[in-house]
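# Structural overview for review
Listed below are the residues making up each chain.
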Amino acid sequence: MRKKEMSRREFFADLAKKLEGSGEMTTREDLKGNKISLLGYGAMRLPTKDGKHANTWAEGVSSAAIDQEAVNEHVDFALEHGVNYFDTSPAYCRGESERVMGEALSRHPRSSYFIATKLSNFAPQQYPLEECKAMFENSLKALRTDYIDFYLLHAIGNGGFETFSKRYIENGAIDWLLEERAAGRIRNLGFSFHGDPKAFEWCIEHHDQYRWDFCQIQMNYVDWLHAKAVNDRNLDAKYLYETLAAKNIPAVIMEPLLGGRLAKFNYAVASKLKGMDAEASIASWAFRFCGTYPRVLTILSGMTYKEQLMENIATLSPLKPLTQHELDTLEEAAQLVLQNNTVPCNLCQYCMPCPYGVDIPGVFDCWNRACTEDRLPNDPANARHAENRRKFLKDCDKAIPHLRQAEHCIGCGKCLSHCPQRIDIPRRLDAIDRFVANLRKEERHA
Ligand code: SF4
Ligand code: SF4
């Protein structure tokens, strides 16, 4: 029998109880011996005043201002509970994330937290060295600091090796970053990897020259062994992690929840996890999975809502490493997740805007919600098949205006090179469009 859903108030009370009973946040040492919290605060999806978040199109674009008070409250709560790693970028939250985080963090002693930010020079006009330097200076100013603890070459490999070379090698940016590290304005230099494996391999081959202090990779229990099932040009997280570990490069983890898809499951997967521990949240397994690997320095989570922060703190205070049986069960869950036919979109919006107006992340989010909740719209074996399909159609129409739905994709491919998940966007939109068109036909003939 399924458990009754908790009300929001009961949920908060339950979380507060969990937190009260928890111990200290697990920490890991960076290469300088600093103690870094295993949970890192990702400032990519900061809360906005309308109760949504600043980096999603999931329920319509939130153009509301970021809720500075809510961010301050998160930062205070995080620091109070041992979270000391804060990850931002000039590109997050429409360029507002660094400024907002600077305001929240600077209310605390500088030695009580570590800032990670990035050289997010994605646009070709940002490639010249002078532009890169200006971006770095802006970051210092916005973050109200005179040094950055962890500075990253952002999303190397996104757009292919040639783009990577233009952004960082040919313009002399890496050499300049080494100088900044030597001068102490950058304490740790690393890179985040998305995309072309050649960029990752190049950085690893040049490790003796650059001495990377850390590397940010996508890791979760689906990508561990099955990244190629999503896209055969992807590298499995196991390979990435082990390659870094062999070079003694600590790993910072992004996408532990695979864009939120490992936080909510349909009944088949959820019951598998509940069978191991009925009280544990679905998301907690994903965090414990990453933390079980000892060369993981910190696990980033974009926590828009305070309850997410509370829950993640409780999960990692302290970390309970997974047993072999639990790891095996998560692998079984990963295989079930892959059967869900979800799109590996993490709602980052890098593909937007589409020149033809398609709300790409919105469409994928709607599809994924339907596939991961207990109502697979494309599964005739589901007892509530017809009802679920109608609900899916209604949800889509509610969330996305008609002019922004999948049918308006003309397949121009302009979005493709921007997607760090390397999703074949036009192909997936076409499949969703055909599915929706059939549903509409069914509706008309019902
Ligand atoms: S391929 Fe489709 S979704 Fe992508 S930019 Fe072109 S029209 Fe937009
Ligand atoms: S399709 Fe790709 S680029 Fe667009 S929001 Fe999803 S993950 Fe990001």
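Residues numbered from 1 in each chain as written. Chains lettered and ligands numbered in written order. Predicted model: local features only at pLDDT ≥ 70, side-chain atom pairs only at ≥ 80, totals over all residues. Heavy atoms only, no water.

## Brief notes about the nonpolar core
Core analysis: the largest hydrophobic core is formed by 98 residues, its most contacted members being Met-101, Leu-153, Met-219, Tyr-221 and Phe-289. The element best represented in this core is helix H12 (residues 282-291), accounting for seven residues. When near neighbours in sequence (up to four residues on either side) are disregarded, Leu-153 contacts Leu-119, Phe-164, Tyr-168, Ile-174, Leu-177, Leu-189, Gly-190, Phe-191, Ser-192 and Trp-212. (Core = buried A, V, L, I, M, F, W, Y, C linked by side-chain atoms within 4.5 Å. Buried < 20%, exposed > 50% of the residue type's maximum accessible area, 1.4 Å probe, protein only. Helix = DSSP H or I, 4+ residues; strand = E, 2+ residues; numbered from the N terminus. Contact = heavy atoms within 4.5 Å.)

## A look at the environment of Gln-405
Looking at where Gln-405 falls in the secondary structure, it is placed in the loop between helix H16 (385-399) and helix H17 (425-445). On the accessibility criterion, Gln-405 (6% relative accessible area) is buried. Put simply, Gln-405 and Glu-279 are 126 residues apart on the chain and 39 Å apart in space, counted from C-alpha to C-alpha. Excluding residues within four positions of it along the chain, Gln-405 makes contact with Val-358, Val-363, Cys-396, Asp-397, Ile-400 and Arg-440.

## So, the site of ligand 1
Surrounding ligand 1, one finds Cys-354, Pro-355, Tyr-356, Ile-360, Cys-409, Ile-410, Gly-411, Cys-412, Gly-413, Cys-415, Pro-426 and Leu-429. Residues of the shell around ligand 1, tallied by class, amount to ten nonpolar, two polar and no charged. (Near = heavy atom within 4 Å. Nonpolar A, V, L, I, M, F, W, Y, C, P; charged D, E, K, R; others polar.)

## Some remarks on the layout of surface pockets
Of the pockets and cavities examined, the second largest pocket occupies roughly 520 Å³. Along the wall of the second largest pocket there are 21 residues; nearest its centre are Phe-122, Tyr-350, Cys-351, Met-352 and His-418. (1 Å grid on protein atoms, 1.4 Å probe; cavity = no way out; pocket = protein on both sides within 12 Å on 5 of 7 lines; lining within 4 Å. Points joined across faces, edges and corners; volume = space filled by probe spheres on them.)

## Concerning the side chain of Thr-292
One can find Thr-292 in the loop between H12 and strand S10 (296-302). Among the polar contacts made by the side chain of Thr-292, one reaches the main-chain carbonyl oxygen of Arg-288 at a distance of 2.6 Å. Of the polar contacts made by the side chain of Thr-292, one reaches the backbone nitrogen of Leu-322; its length is 3.0 Å. Not counting the four nearest positions on each side in its chain, Thr-292 is found in contact with Leu-319, Pro-321 and Leu-322. (Polar contact = N/O pair within 3.5 Å; in protein donor to acceptor, adjacent residues only side chain to side chain.)

## A closer look at the packing of aromatic side chains
Remark: the centre distance and the inter-plane angle together describe each pair of aromatic rings, the angle taken between the planes. Overall, the coordinates contain 25 aromatic pairs when judged by the stated rule. Ring centres 5.6 Å apart and planes at 45° place the aromatic pair Phe-122 and Tyr-350 in the tilted group. With Phe-122 in the loop between strand S5 (114-119) and helix H4 (129-142) and Tyr-350 in the loop between helix H14 (324-339) and helix H15 (360-372), the pair connects residues that are 228 residues apart, well separated along the chain. For Phe-122, a relative accessible area of 28% gives the class partly exposed. Note on Phe-136 and Trp-176: the rings are 5.8 Å apart at their centroids and 85° apart in plane angle, and the pair reads as edge-to-face. Placement of Phe-136 in helix H4 and of Trp-176 in helix H6 (residues 173-183) is noted, with a sequence separation of 40 residues between them. The ring of Tyr-147 has Arg-110 sitting right over it, with the charged end atom 4.1 Å from the ring centre. For Arg-187, the ring lying beneath its charged end belongs to Tyr-147, and the centroid distance is 3.7 Å. (Phe/Tyr/Trp six-rings, centres within 6.5 Å; stacked < 30°, edge-to-face > 60°. Lys NZ or Arg CZ within 6 Å of the ring centre and 35° of its normal.)

## A short note on helix H11 (residues 267-274)
Every buried residue belonging to H11 is among Val-269, Ala-270 and Leu-273, and all of these are buried. One side of H11 carries all its buried residues, which in axial view fall inside an arc of 95°. Where H11 is buried, its residues touch H12 and H14. (Arc of directions from axis to C-beta.)

## Notes on empty space enclosed by the protein
Going through the model one piece at a time under the given rule, you end up with two cavities of 30 Å³ or more. In this structure, the largest cavity occupies an estimated 170 Å³ of space. In this structure, the largest cavity is lined by 13 residues; those nearest its centre are Phe-193, Gly-195, Gln-218, Asn-234 and Leu-235. In the lining of the largest cavity, the residues fall into six nonpolar, five polar and two charged.

## Quick word on the site of ligand 2
Every one of the 14 residues lining ligand 2 counts as a neighbour, but Cys-345, Cys-348, Gln-349, Cys-351 and Cys-419 are closest to it. Tallied by class, the residues present in the shell around ligand 2 amount to eleven nonpolar, three polar and no charged.

## Some details on the domain arrangement of the protein
By the assigned domains, the protein splits into domain 1 (19-339) and domain 2 (360-445). When each unit is reduced to the centre of its C-alpha atoms, the spacing between domain 1 and domain 2 is 29 Å. Contact with domain 1, which involves 18 residues of that partner, is made by 18 residues of domain 2. Across the domain 1 to domain 2 interface the summed buried area is about 1,500 Å²; carbon plus sulfur atoms make up 44%. The interface formed by domain 1 and domain 2 holds zero salt bridges in total. Our enumeration of links across domain 1 and domain 2 arrives at three residue pairs in polar contact (both at pLDDT 80 or more). Residues of the side of domain 1 that touches domain 2, tallied by class, amount to five nonpolar, eight polar and five charged. (Domains from an automatic or database assignment. Buried area = accessible area lost by both parts, 1.4 Å probe. Salt bridge = Lys/Arg side-chain N within 4 Å of Asp/Glu carboxyl O.)

## A word on H6
Those residues of H6 that sit buried are Ala-173, Ile-174, Trp-176, Leu-177, Glu-180 and Arg-181. Along H6, the residues classed as buried sweep out an arc of 160° about the axis, all on the same side. Along H6, the residues that are exposed and aim more than 90 degrees away from the buried face are Glu-179, Ala-182 and Ala-183. Just downstream of H6, Gly-184 is the residue with a positive phi angle, here 90°.

## Let's talk about the pairing of S10
Summarising burial for S10: six of the seven residues are buried, a large majority. By the bridge criterion, four bridges tie strand S3 (residues 39-42) to S10 in an arrangement that is parallel. Within the sheet, the bridge partner assigned to Gly-40 lies in S10 and is Leu-300. Inspection of the sheet shows strand S9 (residues 251-254) paired to S10 by three bridges, in the parallel sense. Looking at the pairing, Ile-253 lines up with Ile-299 of S10. (Pairing = 2+ DSSP bridges.)

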